[in-house]
Amino acid sequence: MSGRRDSCTRGQALVEFAFIAPLFFLLMFSIIEFGRAVYYIQVLNGAAREGARYAIVHGSAALCPSGPMPGGATNPCDPTGAKVAAAVRQYAFGIVDNGTLAVTRCWNTAGAPSATCANASNDFGPGNDQRGSPVYVHVSFTYSTLIAAIVPLPPFTLQGESTLVINH
């Protein structure tokens, strides 16, 4: 009689596992996706900081300045700040840039609020590349989840930013 009871119990455990396993795996993959998103946010913040660092080290007094020059002078080395964006892309570890990585660079005037840069219509903002002026770097990335085939989640935007003061 105990043999029949064991086979019923085994069948019951199999049915219970079949009900619980999809929820368990969905929970596990959701935790992994959340971890990936947090990792990407940290990478974007670090990359923005490295881009801002590149901009402050390459101020108007540098041998090869990056960004707008004081007084409207022409910048012979990097007038658009493209090297700042290249530094951001270089430090964006693990992010596959499929065209969704956007870098905004803004040179602000000393004492002006950082919101001036956030609302700037171009990458330069109202400021220039003088010592003591802040540089704002904003990076955004469109993140697509790996579990989108199972759970229909739309892609969403992750962002990172850094503001540093030009010291050269």
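Here, every reference points to the structure presented above.
A short tour of the structure in this document, coming up. Fair warning: this is a prediction, and the values are worked out from it, not measured in the lab.

### Topic: the overall build of the protein chain
1) Next: Tallying secondary structure elements over the protein chain gives three helices and three strands in all.
2) Next: Taken from the N to the C terminus, the helices and strands of the protein chain come in the order α-α-β-α-β-β.
3) Next: Here the protein chain, with 168 residues, has 33% of them falling under the buried criterion.

### Some details on the side chain of E33
1) Next: You can see E33 is positioned in helix α1 (residues 2-57).
2) Next: Within polar-contact distance, the side chain of E33 engages the backbone nitrogen of L146 at 2.6 Å.
3) Next: With sequence-adjacent residues up to four places away left out, E33 is seen in contact with Y143, T145, L146 and I147.

### Structural notes on the pattern of salt bridges
Any two side chains of opposite charge can pair, given that their charged atoms come close.
1) Next: Tallying each qualifying case throughout the model produces one salt bridge.
2) Next: E33 is the partner of R36 in a salt bridge, and the nearest nitrogen-oxygen pair spans 3.1 Å. A residue pair is termed a helical-turn pair when its members lie 3 or 4 positions apart in one helix, as R36 and E33 do in helix α1 at three residues.
3) Next: Using a relative accessible area of 6% as the deciding quantity, one classes E33 as buried.

### So, the side chain of H138
1) Next: Looking at the element boundaries, H138 is found in strand β2 (residues 134-143).
2) Next: Judged by its relative accessible area of 14%, H138 falls in the buried class.
3) Next: Those residues in contact with H138 that lie beyond four places of it in its chain are A102, V103, T104, Q159, G160 and E161.

### Considerations on a nonpolar patch on the surface
1) Next: On the surface, V15, F17, F19, I20, L23, F24, F25, L27, M28, F29, I31 and I32 cluster together to form a nonpolar patch covering roughly 1,300 Å² of accessible area.
2) Next: Locating F19 in the fold gives a position in helix α1.
3) Next: Looking at F19, the relative accessible area reads 61%, which means it is exposed.

### Some details on the environment of S133
1) Next: Mapped onto the elements, S133 comes out in the loop between α3 (115-118) and β2.
2) Next: Distance from S133 to G59, taken between C-alpha atoms, is 9.4 Å for residues 74 residues apart in sequence.

### Focus on the state of the cysteines
1) Next: Here the structure, examined in full by the defined rule, presents one disulfide.
2) Next: Note that C64 is cross-linked by a disulfide to C77, the S-S spacing being 1.5 Å. Looking along the S-S bond of the C64-C77 disulfide, the torsion reads about -55°, which is the left-handed sense. Taken together, the residues span a long stretch of sequence, with C64 in the loop between α1 and α2 (82-90) and C77 in the loop between α1 and α2 at a distance of 13 residues.
3) Next: The class of C77 is partly exposed, set by a relative accessible area of 28%.

### Structural notes on the nonpolar core
1) Next: Membership of the largest hydrophobic core comes to 27 residues, with the highest contact counts inside it found for L44, I95, V135, V137, V139 and F141.
2) Next: For this core, the elements supplying multiple residues, two or more each, are α1, α2, β1 (102-107), β2 and β3 (156-165).
3) Next: In terms of residue count, the dominant contributor to this core is α1 (ten residues).
4) Next: In this view, V139 contacts L44, A48, V88, L101, A102, L158, Q159 and G160; residues no more than four positions away in its chain are not counted.

### A word on the packing of aromatic side chains
1) Next: One pass over the full model with this rule turns up six aromatic pairs.
2) Next: With a centroid separation of 5.4 Å and 90° between ring planes, the pair formed by Y40 and Y143 is classed as edge-to-face. Of this pair, Y40 sits in helix α1 while Y143 sits in strand β2, and the two are 103 residues apart along the sequence. Of the two residues examined, Y40 and Y143, each falls in the buried class.
3) Next: These aromatic residues form a ring-pair network of at least three members: Y39, Y40, F141, Y143 and F156.

Calculation notes
Residues numbered from 1 in each chain as written. Predicted model: local features only at pLDDT ≥ 70, side-chain atom pairs only at ≥ 80, totals over all residues. Heavy atoms only, no water. Helix = DSSP H or I, 4+ residues; strand = E, 2+ residues; numbered from the N terminus. Buried < 20%, exposed > 50% of the residue type's maximum accessible area, 1.4 Å probe, protein only. Polar contact = N/O pair within 3.5 Å; in protein donor to acceptor, adjacent residues only side chain to side chain. Contact = heavy atoms within 4.5 Å. Salt bridge = Lys/Arg side-chain N within 4 Å of Asp/Glu carboxyl O. Patch = residues over 30% accessible without salt bridge, like charges linked within 9 Å, V, L, I, M, F, W, Y side chains within 5 Å. Areas by Shrake-Rupley, 256 points an atom, 1.4 Å probe, with all protein chains shown as cover. Disulfide = S-S within 2.5 Å. Core = buried A, V, L, I, M, F, W, Y, C linked by side-chain atoms within 4.5 Å. Phe/Tyr/Trp six-rings, centres within 6.5 Å; stacked < 30°, edge-to-face > 60°.

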